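What the coordinates show
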Amino acid sequence: DAGVIQSPRHEVTEMGQEVTLRCKPISGHDYLFWYRQTMMRGLELLIYFNNNVPIDDSGMPEDRFSAKMPNASFSTLKIQPSEPRDSAVYFCASSFSTGNQPQHFGDGTRLSIL
Amino acid sequence: QKEVEQDPGPLSVPEGAIVSLNCTYSNSAFQYFMWYRQYSRKGPELLMYTYSSGNKEDGRFTAQVDKSSKYISLFIRDSQPSDSATYLCAMKFDHQGGKLIFGQGTELSVKP
């Protein structure tokens, strides 16, 4: 089975540019999570969706960040305008809602803002 | 103070050693505790999932939870070079899918 698929794997862009990160969750999973990982702050939850509806966006750092989930098989995380401090690895994860089902992570997008 | 504290290491041990990884937490409402393993340039993957105080064993791995002390541990017996990775503890409040709070992660290196 295909796991969580993220694209692009790497993104290098200049500050001020719009960045769009994409995620395809595992088919049938009804939860989707966006995380950011840095050396200083570790793995932080940005936002998560249940059945395509945003449930908790309290981790989104500021209005420059937005996330959408137009259908069960696709989500985007957008940063506009980007800043150097947004440089990090961004992970998408998905899971079933019930029981002790683990969150399955993609391999991340390594973002560098120059 | 962070909700979940974990020593980032790095921790270096010889092959065959017993490894102990630990996390402390501040919120007594956490009920479910997990350990994830993350290899370089990969996403985290679930290793162990436990509920309530006590031990859970899976092969060379043992997860231990002490809710009275707000302390969880992961023990790796007979460590192998393939165990070299970053280990993250994580916890959540309820049984349903939802928000996980992660520790900083401990980088482990097992030398042949």
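Let us look at the structure shown here. Along each chain, residues carry numbers from 1 onward, in the same order as the chain's sequence is written. A letter from A marks each chain and a number from 1 marks each ligand, given out in the order of writing. In keeping with the model being predicted, local features are shown solely for residues with a pLDDT of at least 70 and side-chain atom pairs are shown and tallied solely at 80 or more, while totals for entire chains, interfaces and linings include all residues. By convention in this description, side-chain values take in all heavy atoms of the structure and omit both hydrogens and water.

All names here are of chain A. With antiparallel pairing, the 4 strands of this open sheet are ordered in space as β1-β3-β8-β7. The open sheet terminates on both sides in strands that have one partner only, identified here as β1 (5-7) and β7 (65-71). Neighbour to neighbour, the strand axes of the sheet diverge by 15° on average, direction disregarded. Pairing between β1 and strand β3 (residues 19-24): 3 bridges, direction antiparallel. Its bridge partner being in β3, Gln6 is matched across the sheet by Cys23. One bridge is not enough; two strands pair if DSSP finds at least two bridges between them. Runs of E in the DSSP output that reach at least two residues are strands. Runs of H or I that reach at least four are helices, and both are numbered from the N terminus. Note on geometry: axes are lines fitted to C-alpha atoms, helical ones only across the stretch in contact, with angles between N-to-C directions running from 0 to 180 degrees.

With that settled, consider the packing of aromatic side chains. The description of two aromatic rings rests on the distance between their centres and on the angle between their planes. Working definition: rings of Phe, Tyr and Trp (its six-membered ring) pair if their centres are within 6.5 Å, and the pair is stacked with planes under 30 degrees apart, edge-to-face with planes over 60 apart, and tilted otherwise. Here the structure, examined in full by the defined rule, presents 15 aromatic pairs over all chains. Ring centres of Tyr35 of chain A and Phe102 of chain B lie 5.6 Å apart, and the angle between their planes is 85°; this geometry places the pair in the edge-to-face category. On the criterion of chain membership, the pair formed by Tyr35 of chain A in strand β4 (residues 31-38) and Phe102 of chain B in strand β10 (residues 101-102) is interchain, its members lying in two chains. The buried label applies to any residue whose accessible area, calculated with a 1.4 Å probe on protein chains only, is under 20% of its type's maximum; exposed applies above 50%, and partly exposed to all values in between. When its relative accessible area of 0% is taken as the criterion, Tyr35 of chain A is described as buried. Ring plane angle 25° and centroid distance 4.7 Å describe the contact between Tyr32 of chain B and Tyr51 of chain B, whose orientation is recorded as stacked. Of this pair, Tyr32 of chain B sits in strand β4 (residues 32-38) while Tyr51 of chain B is found in strand β5 (residues 45-51), placing the two residues 19 residues apart along the sequence. The exposure class of Tyr32 of chain B is buried, given its relative accessible area of 11%.

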